[in-house]
Amino acid sequence: MKQDPLIARFLDSLWAERGLSDNSLQGYRHDLQHLHKSLLSRGKTLESASREDLLAILAREVQQGKSPRSVSRYLSAYRQFYRWLVRESIISSDPVALIESPKTGRGLPKALTEAQVEALLAAPDTTTALGNRDRAMLELMYATGLRVSELVALELSNLNLNQGVIRVIGKGQKERLVPIGDEAHECLKSYLSSARPGLLKGVQTDSVFVTSRKSGMTRQAFWYMVKRYAAQCGVSEKLSPHMLRHSFATHLLNHGADLRVVQLLLGHSDLSTTQIYTHIAREGLTRMHETHHPRG
């Protein structure tokens, strides 16, 4: 389906004003295109949609089994879009203004145990170029708490191995410096000195992590790789793309790290986003107390 010009203009304004990532823009595009198609089936356009139209479309999503979290995401995209239409004087009133978001609760991110992380990090065969690369990626993600998108987007200019830090461009184009740690530092040096040149075979690219096709690693390829190693080392938990990031934050807090330091390392703009990890850490401490304390 051809993209509506209004959606294209809205996405351009989001990128210009908020510097959203390609993944975030793609999410808005998907949700608004879905709305556009649903409205056309009702004989309406994006500009002529009423509150009743939008409620009916959201109700149908619920009837089709969409979770409250998914419906809330749709509504958030609609809210941003229609506020923009009012601001641009394309419509006079906002049909989303009086629609309440469904109560979704807040799911706790899943984290691996420290033993599971050790098994996952040890899974790649570092005698091969691809295994060397995979070990460096896993070590770096666990050592820094990078988002998957940040990890695969790393360029050589982002690395400062002399000082042991990397410069990360996060959400909203915000920069942060993150320390690498000794183990990840050694794995990264080994990969850059031998495996990466072997994979590229003379081809020039700024991407830190590359494939055997001599191109930059993608989020999807990294995720398939993580699942393969998890199966190989017997990690049976249902993994999520950010499992190592969640484990990084949880394990830091378990070992006494300050919450605001973890916030800075993760690149969270709001401390409340980081605080969710304290619940996981608290659960782990409670289980440890029950297991080891004589009166647990």
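Scroll up to find the structure.
Criteria and thresholds
Residues numbered from 1 in each chain as written. Predicted model: local features only at pLDDT ≥ 70, side-chain atom pairs only at ≥ 80, totals over all residues. Heavy atoms only, no water. Helix = DSSP H or I, 4+ residues; strand = E, 2+ residues; numbered from the N terminus. Buried < 20%, exposed > 50% of the residue type's maximum accessible area, 1.4 Å probe, protein only. Core = buried A, V, L, I, M, F, W, Y, C linked by side-chain atoms within 4.5 Å. Contact = heavy atoms within 4.5 Å. Pairing = 2+ DSSP bridges. Axes fitted to C-alpha atoms, helices over the stretch in contact; angles between N-to-C directions. Parallel < 35°, antiparallel > 145°, perpendicular 65-115°, else oblique. Left-handed = near helix turned anticlockwise from the far one by under 90°. Nonpolar A, V, L, I, M, F, W, Y, C, P; charged D, E, K, R; others polar. 1 Å grid on protein atoms, 1.4 Å probe; cavity = no way out; pocket = protein on both sides within 12 Å on 5 of 7 lines; lining within 4 Å. Points joined across faces, edges and corners; volume = space filled by probe spheres on them. Salt bridge = Lys/Arg side-chain N within 4 Å of Asp/Glu carboxyl O.

Describing unusual backbone geometry
Alright, step 1. Its identity is not glycine, yet Lys 201 carries a phi of approximately 50 degrees, on the positive side.
Alright, step 2. Structurally, Lys 201 is set in the loop between α8 (182-200) and α9 (219-232).
Alright, step 3. Not every positive phi belongs to a glycine, and Lys 214 is a case in point at roughly 70 degrees.
Alright, step 4. Along the polypeptide, Lys 214 turns up in the loop between α8 and α9.
Alright, step 5. With relative accessibility at 31%, the residue Lys 214 sits in the partly exposed group.

A few points about the nonpolar core
Alright, step 1. Grouped together as the largest cluster of nonpolar side chains are 49 residues, with contacts concentrated most on Ile 166, Tyr 191, Phe 209 and Phe 222.
Alright, step 2. Looking at this core, the elements that each hand over two or more residues are α5 (114-122), α6 (129-144), α7 (148-152), β2 (165-169), α8, α9, α10 (243-254) and α11 (259-266).
Alright, step 3. In terms of residue count, α8 provides more of this core than any other element does, seven residues in total.
Alright, step 4. Residue contacts for Phe 209: discarding those within four places in its chain leaves Arg 133, Ala 136, Met 137, Leu 140, Leu 151, Leu 154, Leu 188, Tyr 191, Ser 215, Gly 216 and Met 217.
Alright, step 5. Counting 28 residues, the second largest nonpolar core, distinct from the first, contains Ala 49, Leu 54, Leu 58 and Tyr 74.

Quick look at the pairing of strand β3 (residues 175-179)
Alright, step 1. Alternating residues of β3 divide into Arg 176 and Val 178, all buried, and Glu 175, Leu 177 and Pro 179, none buried.
Alright, step 2. Pairing of β2 with β3, which is carried by five bridges, proceeds in the antiparallel orientation. Bridged to Arg 167 within β3 is Leu 177.
Alright, step 3. In this antiparallel pair of consecutive strands, β2 and β3, the connection spans five residues, and Gly 172 shows a positive phi of 65 degrees.

Quick look at the pairing of β2
Alright, step 1. As defined by bridge partners, strand β1 (residues 159-160) adjoins β2 across two bridges and the pair is classed as antiparallel. Its bridge partner being in β2, Leu 159 is matched across the sheet by Ile 166.
Alright, step 2. Following β1, the chain reverses through four residues before pairing antiparallel with β2; Gly 164 in that reversal takes a positive phi of roughly 70 degrees.

Considering the packing of α5 against α10
Alright, step 1. At a closest axis distance of 11 Å, the pairing of α5 and α10 adopts a crossing angle of 135 degrees. Considering their axes alone, α5 and α10 lie oblique with respect to each other. When the axes of α5 and α10 are compared, the crossing they make is left-handed. Across the interface between the two elements, Glu 114, Val 117 and Leu 120 from α5 touch Leu 244, Ser 247 and His 251 from α10.
Alright, step 2. Across the contact of α5 with α10, the residue classes tally to three nonpolar, two polar and one charged.

What about empty space enclosed by the protein?
Alright, step 1. This structure, assessed with the given rule, holds one cavity of 30 Å³ or more.
Alright, step 2. Space inside the largest cavity adds up to approximately 50 Å³.
Alright, step 3. Counting residues per element, the lining of the largest cavity draws most heavily on α9, which supplies three residues.
Alright, step 4. Here the lining of the largest cavity is composed, by residue class, of ten nonpolar, one polar and no charged.

What to know about the pattern of salt bridges
Alright, step 1. Summed over the entire model, instances satisfying the criterion amount to eleven salt bridges.
Alright, step 2. The salt bridge involving Lys 44 is made with Asp 53; its shortest N-O contact spans 2.6 Å.
Alright, step 3. Residue Lys 44 is classed as partly exposed on the basis of its relative accessible area of 25%.
Alright, step 4. Between Arg 147 and Glu 150 there is a salt bridge whose closest N-O contact spans 2.5 Å. Comparing Arg 147 with Glu 150 shows no difference in burial state: the two are buried.
Alright, step 5. Taken together, the shared-partner salt bridges in this structure form one network comprising Arg 42, Lys 44 and Asp 53.

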